[in-house]
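Read off the chains here:
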Amino acid sequence: MHAYDDLAAMDRATVLHPFTNLKDHRSGSGPAPTFVTGGQGIRIKDAQGNSYIDAFAGLYCVNIGYGRSEVAEAIAEQARQLAYYHSYAAHSTEALAVLSKRLVDMAPGRASKVFYGLSGSDGNETQAKLVWYYNNLLGRPRKKKIISRERGYHGCSVISGSMTGMSFYHDYMDLPFPGILHAGMPHYYWGAAPGESEEDFSSRLARELEEMILREDPDTIGGFIAEPVLGTGGIVPPPAGYWDKIQPVLKRYDILLIADEVICGFGRTGAAFGCDLYGIEPDLVTVAKGLTSGYAPLSAVIVGEKVYQVIEEAADRVGAFSHGYTYSGHPISVAAANAVLDIVEREDLAGNARAVGAYFQQGLQQRFAQMEFVGQVRGVGMMGALEFVADRATKKRFDSAASIGGKVSAAARRRGLIARAMPHGDILGFSPPLVTTRAEIDEILDIAYEAVREVFDTMPA
Ligand code: PLP
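What counts, and at which threshold
- Residues numbered from 1 in each chain as written.
- Predicted model: local features only at pLDDT ≥ 70, side-chain atom pairs only at ≥ 80, totals over all residues.
- Heavy atoms only, no water.
- Near = heavy atom within 4 Å.
- Polar contact = N/O pair within 3.5 Å; in protein donor to acceptor, adjacent residues only side chain to side chain.
- Areas by Shrake-Rupley, 256 points an atom, 1.4 Å probe, with all protein chains shown as cover.
- Helix = DSSP H or I, 4+ residues; strand = E, 2+ residues; numbered from the N terminus.
- Nonpolar A, V, L, I, M, F, W, Y, C, P; charged D, E, K, R; others polar.
- Axes fitted to C-alpha atoms, helices over the stretch in contact; angles between N-to-C directions.
- Parallel < 35°, antiparallel > 145°, perpendicular 65-115°, else oblique.
- Left-handed = near helix turned anticlockwise from the far one by under 90°.
- Contact = heavy atoms within 4.5 Å.
- Phe/Tyr/Trp six-rings, centres within 6.5 Å; stacked < 30°, edge-to-face > 60°.
- Buried < 20%, exposed > 50% of the residue type's maximum accessible area, 1.4 Å probe, protein only.
- Lys NZ or Arg CZ within 6 Å of the ring centre and 35° of its normal.
- Core = buried A, V, L, I, M, F, W, Y, C linked by side-chain atoms within 4.5 Å.
- Domains from an automatic or database assignment.
- Disulfide = S-S within 2.5 Å.
- Pairing = 2+ DSSP bridges.

**Q** Explain the site of the ligand to me, please; I cannot follow it from the model alone.
**A** Around the ligand, the surrounding shell consists of S119, G120, S121, N124, Y153, H154, G155, E227, D260, V262, I263 and K289. One nitrogen or oxygen atom from the side chain of D260 is found 2.7 Å from a nitrogen atom belonging to the ligand. Within the side chain of K289, an N or O atom sits 2.9 Å from an oxygen atom of the ligand. Notes on the ligand: free accessible area 390 Å², of which the protein chains cover 83%. Of all the elements, helix 6 (residues 120-137) adds the most residues to the shell around the ligand, at three residues. By residue class, the composition of the shell around the ligand is three nonpolar, six polar and three charged.

**Q** Explanation requested: the packing of helix 6 against helix 12 (residues 305-313) in the structure shown.
**A** How two helices pack is summed up by the angle between their axes together with the distance between the axes. Taken N-terminus to C-terminus, the directions of helix 6 and helix 12 make an angle of 55 degrees; their axes are 9 Å apart at the nearest point. As judged from the angle between their axes, helix 6 and helix 12 are oblique. When the axes of helix 6 and helix 12 are compared, the crossing they make is left-handed. Where helix 6 approaches helix 12, its residues L130, Y133, Y134 and L137 are matched on the opposing element by K306, V307, V310 and I311.

**Q** What's the story with the packing of aromatic side chains in this structure? I'm lost.
**A** Centre-to-centre distance and the angle between the planes together describe a pair of aromatic rings. Under the counting rule described, the total for this entry stands at 20 aromatic pairs. Ring geometry for F168 against Y169: centres 4.9 Å apart, planes inclined by 40 degrees, an arrangement best described as tilted. Accessibility expressed as a relative area gives 11% for Y169, which makes it buried. Measuring from centroid to centroid gives 5.5 Å for F388 and F456, while their planes differ by 55 degrees, and the two rings are tilted. Pair noted here: F388 is in strand 12 (residues 383-388) and F456 is in helix 17 (residues 438-457), with a separation of 68 residues, a long-range link. Across this residue pair, the class does not change: F388 and F456 are buried. By way of ring pairs, the aromatic residues F19, Y153, F168 and Y169 are connected into one cluster. The ring centre of Y52 lies 4.9 Å from the NZ or CZ of R413, which sits over that ring.

**Q** Would you mind going over the nonpolar core with me for this structure?
**A** In a soluble, globular protein the nonpolar side chains are often hidden away together inside. If you look at the biggest cluster of nonpolar residues, it comprises 45 residues, and the most contacted ones within it are F368, L386, F388, L417 and F430. The set of elements that each furnish at least two residues to this core consists of helix 4 (69-82), helix 14 (331-346), helix 15 (349-368), strand 11 (374-380), strand 12, helix 16 (404-414), strand 15 (427-430) and helix 17. Ranked by the residues each element gives to this core, the list is headed by helix 17, at nine residues. Of the domains in this structure, domain 1 (40-64 + 348-457) and domain 2 (70-346) are the two that each give at least three residues to this core. Among the nonpolar cores identified, the runner-up in size contains 23 residues, and F201, A206, I221 and I255 belong to it.

**Q** Got a minute to help me understand the state of the cysteines in this structure?
**A** Two cysteines form a disulfide when their sulfur atoms are joined by a covalent bond. This structure, assessed with the given rule, holds zero disulfides. Here C264 stays unpaired: no disulfide links it, and the sulfur of C275, its closest cysteine neighbor, is 8.3 Å away. Given the relative accessible area of 1%, C275 is considered buried.

**Q** Got a minute to help me understand the pairing of strand 12 in this structure?
**A** Regular strands show a simple pattern: their side chains alternate between the two faces of the sheet. With six of its six residues buried, strand 12 lies for the most part within the structure. Every second residue of strand 12 is oriented toward a common face, with M383, A385 and E387 on one face and G384, L386 and F388 on the other, all of them buried. Two strands pair when backbone bridges link them, and strand 11 and strand 12 are joined in this way by six bridges, in the antiparallel orientation. Bridging from a neighbouring strand, G379 pairs with G384 of strand 12. In sequence, strand 11 turns back onto strand 12 through a hairpin of two residues, with G381 there showing a positive phi of about 55 degrees. Bridging between strand 12 and strand 15 involves four bridges; their strand directions are antiparallel. Bridge pairing in strand 15 links G384 to F430.

What follows is the structure in structure tokens.
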């Protein structure tokens, strides 16, 4: 066992952490490294003996909670039996066939086949290639552009990072790539015109999307990718009527709809999939995170009948489907997914997310909606957010240098609660494990309330 100080020195010297100020980390002027040593239920603990409620489920993924030995045993058993074999050229495992049948049966849309990767980013990278492949096979080589949305988050690789609609993910990285466009953000609080109803706002977004398609030329637009509920862009449920108005536009111009269910999938919104909640009929679906609850890396691209038929019919002409990863369908990840889905189904975690989620949403509203400096309280199921503004009436933002969201998150953390300062604006986000109980929700809300009070009560006038 290394002493904490030795480990911290090693870490500062050698680990390139994602989304971390590297200079501050190296010099020691940033937050001290947190060595996470264990987890049970909704709590994690660190090497210095601190315990935290993880109200963000890691990164919206540990839906079944920490420390589920049933999953650890399934992983160990698979590792003992067969830790690895590839899935190229029709090689398979029992766990892979079982999981794929399961996903096809439960997925929204007319699901047909499943392709596996290891992350949400690579899943969305595959989606882009499928859109291009499909249109090439149909003899439509110009129909390649993909529309995502401002404030959407789809990952950090080259194409998924381009799909992500927040400029700070692009800066200095030469993104977005050409051929990836961004439509208007479905964020009523910030996006609506004065006096505009939610329905009218949704109609306008659909109209603007159609205008964009016509401007670009519909023969050049191959796909539209969207999260059912905006996640990293601020945890924003869609405005009323949004999906009912957007989908006919896509159909009119024969544009494939890719549902990015990386956060929403497997119960987070209180429905099995976000698509089920909002009546979305996708052609392609990306899942990751909740698929294994983070117990092992795995993503899945669920290919709908419409796309799959074209791919299969072309096989005589074009040969093998030339896309895959060494670890596509990795036996250990797939075994983890089966064990996790057993728990999700047996414990009806979507049902829990619906029932406890309603209690959570109500608690958020009751505690925070009337507070000074809280501009909006929003969420659905087990996702929620508080948006802080300097003036509720005028929606004047705080100076970003004041880092209000970061301060509230830090105050919560000092009290043993992990709630995330979302990257775009002053937002405190929650996405607790789906096993969270009402009593634990009370704890989360009580601590969050104290943290918010601390920051605003001590703010210079
Ligand atoms: N899509 C959505 C909706 C996400 O929230 C994320 C990650 O947060 C991704 C894709 C990317 O997943 P990963 O970080 O596993 O690459």
